[in-house]
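Listed here are the chains, written in short residue letters.
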Amino acid sequence: MTPTTRQEVLGLYRKVLQIAKKWQSASGQIEETMREKEYIRNEARTLFRKNKNVTDPKLIKQCMEECEARIEIGLHYNIPYPRPIHLPPMGLAHKQGRTLRHQEKLRKISKPIYLKSHDEVS
């Protein structure tokens, strides 16, 4: 990791922690605000620690883009949790075979960038 990239990543981490510090829940309830602040801090720690040994520049860039997207979406909707994706159920696919694999591939491709790491951590 280049020193510039390292500074950008650390800057993103500090930005997330600052957001957690100033966070107010949509309902305004103190308990909910505290839960959401703790979630933001824990999610940041978990994801940044999980990716601390990543050395591939493309993967680092992808992780940074995901972080920025989650920050923007969280601030815009005032919800710290990742927004779920709405895809049709896989009820028409057989339990095995090409149709199932094809639908799974389409789901993986269509997953928004801000949810790429969420399933891995949760």
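Residues numbered from 1 in each chain as written. Predicted model: local features only at pLDDT ≥ 70, side-chain atom pairs only at ≥ 80, totals over all residues. Heavy atoms only, no water.

Chemist: When you look at a nonpolar patch on the surface in this model, what are you seeing that I'm missing?
Modeler: A contiguous nonpolar patch, built from Y77, I79 and Y81 and spanning about 270 Å² of accessible area, is present on the exposed surface. Topologically, I79 is positioned in the loop between α3 (57–77) and α4 (98–110). Assessed through its relative accessible area of 34%, I79 is described here as partly exposed. (Patch = residues over 30% accessible without salt bridge, like charges linked within 9 Å, V, L, I, M, F, W, Y side chains within 5 Å. Areas by Shrake-Rupley, 256 points an atom, 1.4 Å probe, with all protein chains shown as cover. Salt bridge = Lys/Arg side-chain N within 4 Å of Asp/Glu carboxyl O. Helix = DSSP H or I, 4+ residues; strand = E, 2+ residues; numbered from the N terminus. Buried < 20%, exposed > 50% of the residue type's maximum accessible area, 1.4 Å probe, protein only.)

Chemist: Teacher, can you tell me more about the packing of helix α1 (residues 3–22) against helix α2 (residues 30–50) here?
Modeler: Each pair of packed helices can be described by the angle between their axes along with the distance between the axes. Two elements in contact, α1 and α2, have axes separated by 8 Å at closest approach and are oriented at 165°. Classified by the angle between their axes, α1 and α2 sit roughly antiparallel to one another. Helix-helix and strand crossings are classified by hand; for α1 and α2 the assignment is left-handed. Only K37, I40, R41, A44, R45 and F48 of α2 make contact with α1, whose side of the interface consists of V9, L12, Y13, V16, L17, A20 and K21. Per-class residue counts for the contact of α1 with α2 are nine nonpolar, no polar and four charged. (Axes fitted to C-alpha atoms, helices over the stretch in contact; angles between N-to-C directions. Parallel < 35°, antiparallel > 145°, perpendicular 65-115°, else oblique. Left-handed = near helix turned anticlockwise from the far one by under 90°. Contact = heavy atoms within 4.5 Å. Nonpolar A, V, L, I, M, F, W, Y, C, P; charged D, E, K, R; others polar.)

Chemist: Is there a simple way to explain α2 in this structure?
Modeler: For an α-helix, 3.6 residues make a turn, and residues three or four places apart therefore share a direction. Its 21 residues place the ends of α2 30 Å apart at the C-alpha level, agreeing with the 30 Å of an ideal helix rising 1.5 Å per residue. Of the residues making up α2, those classed as buried are T33, E36, K37, Y39, I40, E43, A44 and L47. One side of α2 carries all its buried residues, which in axial view fall inside an arc of 160°. Every exposed residue of α2 that faces more than 90 degrees away from the buried side is listed here: I30, E31, R35 and R49. (Expected span 1.5 Å × (residues − 1). Arc of directions from axis to C-beta.)

These results come straight from atomic positions and should not be treated as a statement about function.
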